[in-house]
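Chain by chain, the residues run as shown.
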Amino acid sequence: MKFKNIISWAMVASVFMDDFIILRHRIPFDFYVYYLVFIISIFYYIRTKKSIKLLPRWFAISITVLILTSLSVTLLSNTYSLGVTKQVIGLIFTSIAYYTFIAYNNFEIKKIFRMYVFLAFFVALEGLLEEVLNMNGIHINDKMKRTDMGFYRIFGIMGEPYFLAVVLLPALFFVFSKVTDFERIISKVNNYVMISVIALCFVLTFSSAGVIGIGGIVALWLYNKKILSLKSWRIVFLPIVLLIVSYSFSNIQKEWKEFNIKYTQTLGAFTSLSTKKEDIEKLNTSSFALYSNFVIAKASFAERPLTGSGLGTHETNYKKHFGKFFDDDFIIRYGVFNTADANSLFVRLMSETGLMGLGLFFTFLLKNFLRRRGYDDKELKDYTLINQGIFILIIVRLVRTGNYFGNGFFLFFFIYYFSYKIVKARLAEKKRLREQPVRAFPPPMSIQA
């Protein structure tokens, strides 16, 4: 196998390696094993491409503005800390690593994404094998927790079931779409095996945020089939679909008590106007983590709505504002969870980057979302499915994950962007060719006598 192939597979595998950390708790930051892969990959790009263009211009400008703004705000307000440095270096390093990886693979987005799907299958398979061992009393992970339904939550090789569920989302959507359209990935048999393994592992993570992902998968699948379109006759199936979805969601709430508690309490916390201590004390740990981070992010946002408090400062904001809204006994009751990443990418962006960061992020997200563009084109359909699957992942991360670059975020980020650019360019080219006037042949020359 060529070195390029080895390093490429290692780069894709990094998506699943967030629990592989060297010298954990011995140095002031988490040194992930894949950092070594990143360094090798970047040097390989420079050596083979003979180029020092490490990031696309549009991204370099945006991230530079965010970083310079953060440095200015934190230095002027005397809130600069190691956390700011870690976030700045992490953003630059991981984005360069994944962009250059895509670049030396000649922006072959479909090839890279299929590599990810292939690895996702084996990660899910390992998770299912782990579940079989757990059900037979052999526990290889001391963090295993049994659910009310008798099954164990699958961690696989990831740090938490949630991370496993989220990282499988684009693969699950892609394979599900291919199977339901009777289209091949490798072969029809492999398609069915893939969807069975990935879907079952996904379900057995028992991730409440994964339910949001399933909702996104169902919604985009219906959208692709035009069942949600008022212009299509297929909308007649919508009432049936809504009944099935409603019935399924009701059953999930009924059978999965942990999810029902998280769902009802989180929804209640954000919709209730009450901030009484006795009401907040009723929240479960997960709901309190999200709610408390949101309340504190709002306070930070109110102080600096345009720029936020700076990258890597939410933890400082949490310590600064916590006492304004919650008593100290809440820390004893719930502990300190997700104060560094705010438990939500949206909440963290609001806290640390303000309107500027939120504006840049949502402009990128919505501008590069393909919707159905390219779906009806056999050559471009895969790009559209890839783009849609990553859109679901980003939405889930906005709700429940505040880490800027974990779980291969920037790999998905750039694949999302380039899938849009490829479809847009090829559709424009095809339109130009269709509209190009056909040249008339000159009249035949008359035969001279």
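A brief structural summary. Note that the coordinates shown come from a computational prediction; the quantities given were computed from them, not determined experimentally.

### Observations regarding the layout of surface pockets
Then, in step 1: In this structure, the second largest pocket occupies an estimated 610 Å³ of space.
Then, in step 2: Lining the second largest pocket are 23 residues, and of these Val211, Ile214, Ser248, Phe249 and Ile252 lie nearest its centre.
Then, in step 3: For the lining of the second largest pocket, the elements supplying multiple residues, two or more each, are helix 7 (188-204), helix 8 (208-224) and helix 9 (238-255).
Then, in step 4: Residue composition of the lining of the second largest pocket, by class: 17 nonpolar, 5 polar and 1 charged.

### A look at helix 16 (residues 381-400)
For the α-helix, the turn length of 3.6 residues means that residues three or four positions removed from each other point alike.
Then, in step 1: Taking 1.5 Å of rise per residue, the 20 residues of helix 16 would be expected to cover 28 Å, and the 29 Å separating its terminal C-alpha atoms lies within 8% of that figure.
Then, in step 2: Of all 20 residues that make up helix 16, 18 are buried, and the element is covered over most of its length.

### Things to note about the side chain of Asn105
Then, in step 1: When you line up the elements, Asn105 lands in the loop between helix 4 (82-104) and helix 5 (109-135).
Then, in step 2: Among the polar contacts made by the side chain of Asn105, one reaches the side chain of Lys111 at a distance of 3.3 Å.
Then, in step 3: The residues contacting Asn105, other than those within four sequence positions of it, are Lys4, Ser8, Lys111 and Ile112.

### Observations regarding the packing of aromatic side chains
What describes a pair of aromatic rings is the distance from one ring centre to the other and the angle between the planes of the rings.
Then, in step 1: According to the stated counting rule, one finds 50 aromatic pairs in the structure shown.
Then, in step 2: Between Tyr44 and Tyr104, the aromatic rings sit 4.9 Å apart at their centres with planes inclined by 80 degrees, giving edge-to-face as the arrangement. Highlighted residues: Tyr44 in helix 2 (residues 34-49) and Tyr104 in helix 4, separated in sequence by 60 residues.
Then, in step 3: Accessibility expressed as a relative area gives 3% for Tyr104, which makes it buried.
Then, in step 4: Judged by centre distance (6.5 Å) and plane angle (75 degrees), the rings of Tyr291 and Phe326 are edge-to-face. Taken together, the residues Tyr291 in helix 12 (residues 285-303) and Phe326 in the loop between helix 13 (314-325) and helix 14 (329-334) connect sequence positions 35 residues apart.

### Some remarks on a nonpolar patch on the surface
Then, in step 1: Residues Ile22, Leu23, Leu36, Ile39, Phe43, Ile46 and Ile52 make up a contiguous nonpolar surface patch of roughly 640 Å² in combined accessible area.
Then, in step 2: Counting residues per element, the nonpolar patch draws most heavily on helix 2, which supplies 4 residues.
Then, in step 3: The residue Phe43 is located in helix 2 in this model.

### Looking at the nonpolar core
Then, in step 1: In terms of nonpolar packing, the biggest core is built from 112 residues, with Phe16, Ile102, Tyr116, Ile394, Phe410 and Phe414 touching the most fellow members.
Then, in step 2: Among all residues touching Ile102, those that are not within four sequence positions of it are Phe107, Ile109, Ile112, Leu411, Phe414, Ile415 and Phe418.
Then, in step 3: By size, the runner-up hydrophobic cluster in this structure holds 10 residues, among which are Ile280, Phe288, Phe322 and Phe330.

Calculation notes
- Residues numbered from 1 in each chain as written.
- Predicted model: local features only at pLDDT ≥ 70, side-chain atom pairs only at ≥ 80, totals over all residues.
- Heavy atoms only, no water.
- 1 Å grid on protein atoms, 1.4 Å probe; cavity = no way out; pocket = protein on both sides within 12 Å on 5 of 7 lines; lining within 4 Å.
- Points joined across faces, edges and corners; volume = space filled by probe spheres on them.
- Helix = DSSP H or I, 4+ residues; strand = E, 2+ residues; numbered from the N terminus.
- Nonpolar A, V, L, I, M, F, W, Y, C, P; charged D, E, K, R; others polar.
- Expected span 1.5 Å × (residues − 1).
- Buried < 20%, exposed > 50% of the residue type's maximum accessible area, 1.4 Å probe, protein only.
- Polar contact = N/O pair within 3.5 Å; in protein donor to acceptor, adjacent residues only side chain to side chain.
- Contact = heavy atoms within 4.5 Å.
- Phe/Tyr/Trp six-rings, centres within 6.5 Å; stacked < 30°, edge-to-face > 60°.
- Patch = residues over 30% accessible without salt bridge, like charges linked within 9 Å, V, L, I, M, F, W, Y side chains within 5 Å.
- Areas by Shrake-Rupley, 256 points an atom, 1.4 Å probe, with all protein chains shown as cover.
- Salt bridge = Lys/Arg side-chain N within 4 Å of Asp/Glu carboxyl O.
- Core = buried A, V, L, I, M, F, W, Y, C linked by side-chain atoms within 4.5 Å.

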